[in-house]
Amino acid sequence: MTSNKRAEERYANLVNSIDFVTEQFGPLDKLIAKMRENPAPPGSWRVTPPDELRKLLAKVQQNLTALKERAVRYETELKTREWKV
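All values derive from a computational prediction rather than experimental measurement. For every chain, the first residue of the written sequence is number 1, and numbering continues from 1 along that sequence. Per-residue local features of the predicted model are confined to residues with pLDDT of at least 70, and side-chain atom pairs are confined, for both listing and counting, to 80 or more; whole-chain, interface and lining totals are unaffected and use all residues. Computation of side-chain values covers all heavy atoms of the structure but excludes hydrogens and water.

Draft legend 1. View of the overall build of the protein chain. Comment: elements are numbered from the N terminus, with helices defined as DSSP H or I runs of at least four residues and strands as E runs of at least two. Broken down by element type, the protein chain carries four helices and zero strands. Starting at the N terminus, the α and β elements of the protein chain follow one another as α-α-α-α. In this treatment the radius of gyration is a C-alpha quantity, and the globule benchmark scales as 2.2 Å times the residue count to the 0.38 power. Here the protein chain has a C-alpha radius of gyration of 19 Å; the compact-globule value for 85 residues is 12 Å, and the former is much larger. Principal axes of the C-alpha set define a box for the protein chain whose edges measure 60 × 25 × 20 Å. Think of it in three bands: residues with accessible area under 20% of the maximum for their type are buried, residues over 50% are exposed, and the middle band is partly exposed, with areas taken using a 1.4 Å probe on protein chains only. A burial count over the protein chain gives 13% of its 85 residues as buried. Summed over all atoms, the accessible surface of the protein chain reaches about 7,100 Å², with 55% contributed by carbon and sulfur. Positive: Lys, Arg. Negative: Asp, Glu. His and the chain ends are not part of the count. By convention, the charge on Lys lies at NZ, on Arg at CZ, on Asp at CG and on Glu at CD. Averaging the coordinates of the 16 positive side-chain charges in the protein chain and doing the same for the 12 negative ones gives two points 3 Å apart. Working definition of accessibility: Shrake-Rupley area with a 1.4 Å probe, residue cover restricted to the visible protein chains.

Put into structure tokens, the structure is as follows:
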């Protein structure tokens, strides 16, 4: 397999992976919307409050969008050069 072909496959895998993760945000957002904050007594196990989860999800969405935008911006370079990890 040529390095260009391998680079093209890796680029396609990267973009497809980003798209797959992005698709998971809808169900996750619905799950967070169903949550209710339940104060727990001191010393007990607690779940992160829904508002904080929404903020974290928004931040992850922004970062993932930025990653995809950068991948698209450098698409030609990513498809034509060998990737180093």
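Continuing now.
Draft legend 2. View of the nonpolar core. Residues grouped as a nonpolar core are buried Ala, Val, Leu, Ile, Met, Phe, Trp, Tyr and Cys residues, joined through side-chain atoms within 4.5 Å. Ile-18, Phe-25, Ile-32, Leu-57 and Leu-64 form the largest nonpolar core, which has five residues in total. Among the secondary structure elements, those contributing two or more residues to this core are helix 2 (25-34) and helix 3 (50-73). Throughout, a residue-residue contact means that at least one pair of heavy atoms, one from each residue, lies within 4.5 Å. Other than its neighbours up to four places away in sequence, Phe-25 contacts Leu-57, Val-60, Gln-61 and Leu-64.

Draft legend 3. Inspection of helix 3 at higher detail. Helices are assigned an expected span. That span is 1.5 Å times one less than the residue count. Over its 24 residues, helix 3 extends 34 Å from the first C-alpha to the last, a length consistent with the 34 Å expected when each residue adds 1.5 Å. Restricting attention to buried positions, one finds in helix 3 the residues Pro-50, Leu-57, Leu-64 and Ala-71.

Draft legend 4. The pattern of salt bridges, seen in detail. A pair is scored as a salt bridge if a Lys or Arg side-chain nitrogen falls within 4 Å of a carboxyl oxygen belonging to Asp or Glu. Taken as a whole and judged by the stated rule, the model has three salt bridges. When the shortest N-O distance is used, the salt bridge between Lys-68 and Asp-19 registers 2.5 Å. One end of the pair, Lys-68, is in helix 3; the other, Asp-19, is in helix 1 (residues 3-23), and 49 residues separate them in sequence. The closest approach of N and O atoms between Asp-51 and Arg-54, which form a salt bridge, is 2.8 Å.

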